[in-house]
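These are the residues of each chain, in order.
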Amino acid sequence: MDKEVNLITALRILLKWKKQIIGLVILSGIIAAFFSVFVMDEWFYSWSTFYPTNQALNDRSAIFNNDASTTVDYFGSKQDVNRLLTIANSTPVIDFVIDSFKLAAHYDVSKTKKYWKTIVRKKFEKKYEAIKTDRDAVQISLYDTDPKIAAAIVNTSVHKVDELNKLSVNDMKQKTYVAIGEQLLKLQKDANAYIDTLANLGEKYKIKVSSGADGTVIVDGSDYKAVQLYKSILSRQTNTAKQLNILSNIREQLQVSLQNSETSLYVLETAFVADRREKPVRSLVVLITVLITAFVSVIGVLLIEQIRDIKDQL
C-alpha cells in the first residue's frame, strides 16, 4: 500500500514539475546538438590490413624446388605476424610517423614545452592501433581530424613496417652469408692443401689414380703406406669438395634472397581517404545527453520535494 502511495506521490511531483523537466530536457538537447556540431572535433577513420609473405619464396631453393612432396606457403607463419605486430607498435615506426608528418604542430603541441615529444607520442598512441585480426592478419588503423592525413599516416606506417621487417630478416641472412663466406675460405684453403699433398705423394711414390667399372676410385702404387695415406687424404679432399659445393649453393641462394627488393607484405586493404566522419555520432550524443538530463531532473525534483516535506515536518 505504501509503495502505491509513494508511486502516486512521485507521479504527482513529476506532473507538478513537468514544465521544468521538459524545458531542461529540450534545452540540454539543443546545447548537446550545438556542442556536437560546432565544438566537438570530427574524427575520420582509416585502416590497412595485410599479411606477411613468406620471404623464403624468392630463395633459389624455393624457386627451383622440384620436390612435389614439399609445399611452400605463400604467406608467413604466426611468428611472422607477431613480428609484424611488434614492429608496428615499436618506437622506430611511431617516431618516424611523428617526425614525417610534423604531428607536434598537427596536435597543437608547442616544442617549447617540457616533454613535448612524450605528449605528442601519447596523443598519437591514443588514436593509433596495430592489432591482429580474427583471421590472423595485421591491421593498422588511425583516427584523425584530417581524413587525408589519417590515410597517409596509415599507408606510411605500413611501408615502414615492411622496410623494418625486411631489414630484420635480411640482417640474419647477411650474418649467415658472411659466416658461410668465412667457412668457404677455410674449406678452400684445406682443399688446396689436400691437392698439393696428393700431388706430392703421387709424384714421389709414383701413385696412379683411375676409376673402376662401378665408378669407384682405384689407387695404385708400389709403397703400401703411401697408397693408404693417399687414399685417406683423397677421401678428405673429396668430402671437402662436397662441403664446398653445398655451402657455395647455400651462399648463392642467400645472395639472391638479399638482392630481392620485393615487399614482405601482402596488403589486402590499402588505407583510403574517408568520405564521412566516424565520430562523433551527433544523434547519439544528443540522445545520451537528453536521457541523462531527464534522469537527473526526475531524481532532482523528487529530492527537492522530499527535502521540503522534511523541513515542513520539522
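Along each chain, the written sequence defines residue order, and numbers are assigned to residues from 1. With pLDDT at 70 or above as the cut-off, local features in this predicted model cover only qualifying residues; side-chain atom pairs require 80 or more to be listed or tallied, and sums for whole chains, interfaces and linings still use all residues. Hydrogens are left out, water is left out, and the side-chain values use all remaining heavy atoms of the structure.

Enquirer: Pulling in residues and values, what's your account of unusual backbone geometry?
Expert: The phi torsion at Tyr-115 lies on the positive side, around 60°, for a residue other than glycine. Tracing the sequence through the fold places Tyr-115 in the loop between α6 (103–106) and α7 (116–127). Whether a residue is buried, partly exposed or exposed follows from its accessible area with a 1.4 Å probe, protein chains only, as a fraction of its type maximum: under 20%, in between, or over 50%, in that order. Residue Tyr-115 is classed as exposed on the basis of its relative accessible area of 58%. The phi dihedral of Asp-136 falls on the positive side, at around 65°, and the residue is not glycine. Helix numbers and strand numbers start at the N terminus; a helix is a DSSP run of H or I with at least 4 residues, a strand a run of E with at least 2. Residue placement: Asp-136 occurs in the loop between β2 (128–132) and β3 (138–144).

Enquirer: Lay out the packing of aromatic side chains in plain terms, naming residues and giving numbers.
Expert: In this analysis, rings of Phe, Tyr and Trp, with Trp reduced to its six-membered ring, are considered paired at centre separations within 6.5 Å, and the interplanar angle assigns stacked below 30 degrees, edge-to-face beyond 60, and tilted for intermediate values. Evaluation of the coordinates by the stated rule reveals four aromatic pairs. Geometrically, the ring pair formed by Tyr-45 and Tyr-143 is tilted, given 4.8 Å between the ring centres and 40° between the ring planes. Highlighted residues: Tyr-45 in strand β1 (residues 44–52) and Tyr-143 in strand β3, separated in sequence by 98 residues. Given a relative accessible area of 23%, Tyr-143 falls into the partly exposed group. With 5.1 Å between their ring centres and 80° between their planes, Trp-47 and Phe-272 make a pair best called edge-to-face.

Enquirer: Give me the lowdown on the packing of helix α4 (residues 78–88) against helix α8 (residues 147–205), citing residues and values where you can.
Expert: Their axes nearest at 10 Å, the elements α4 and α8 cross at an angle of 120°. Viewed along their axes, α4 and α8 adopt a mutual orientation that is oblique. Where α4 crosses over α8, the handedness of that crossing is right-handed. Facing Arg-83, Leu-84, Ile-87 and Ala-88 of α4, the residues of α8 in contact are Val-161, Leu-164, Asn-165, Ser-168 and Val-169. Residues are grouped as follows: Ala, Val, Leu, Ile, Met, Phe, Trp, Tyr, Cys and Pro are nonpolar; Asp, Glu, Lys and Arg are charged; every other residue, Gly included, is polar. Taken together, the residues that form the contact of α4 with α8 break down as six nonpolar, two polar and one charged. In this analysis an axis means a line fitted to C-alpha atoms, helices contributing only their contacting stretch, and an angle means the value between N-to-C directions, from 0 to 180 degrees. Angle categories are assigned with fixed cut-offs, so that under 35 degrees is roughly parallel, over 145 is roughly antiparallel, 65 to 115 is roughly perpendicular, and the rest are oblique. Handedness of a crossing follows from how the near helix is turned relative to the far one, being left-handed for an anticlockwise turn of less than a right angle and right-handed for a clockwise one. Residue contacts are defined here by distance: any two heavy atoms, one from each residue, within 4.5 Å place the two residues in contact.

Enquirer: Requested: an account of the pattern of salt bridges, with residues and values cited.
Expert: Salt bridges are identified by distance alone: a Lys or Arg side-chain nitrogen within 4 Å of an Asp or Glu carboxyl oxygen. Applying the stated rule across the entire model yields seven salt bridges. Residue Lys-16 is joined to Glu-305 by a salt bridge in which the shortest nitrogen-to-oxygen separation is 3.2 Å. Of the two residues, Lys-16 is situated in helix α1 (residues 2–16) and Glu-305 in helix α10 (residues 282–313); the sequence distance between them amounts to 289 residues. The buried category is assigned to Glu-305, whose relative accessible area is 9%. When the shortest N-O distance is used, the salt bridge between Asp-80 and Arg-83 registers 2.9 Å. Taken together, the residues Asp-80 and Arg-83, both in helix α4 and three residues apart, mark about one turn of the helix. A residue is classified by how much of its surface remains accessible, and Arg-83, at 26% relative accessible area, is partly exposed. Among the charged side chains, a salt-bridge network with shared partners connects Lys-16, Glu-305 and Arg-308.

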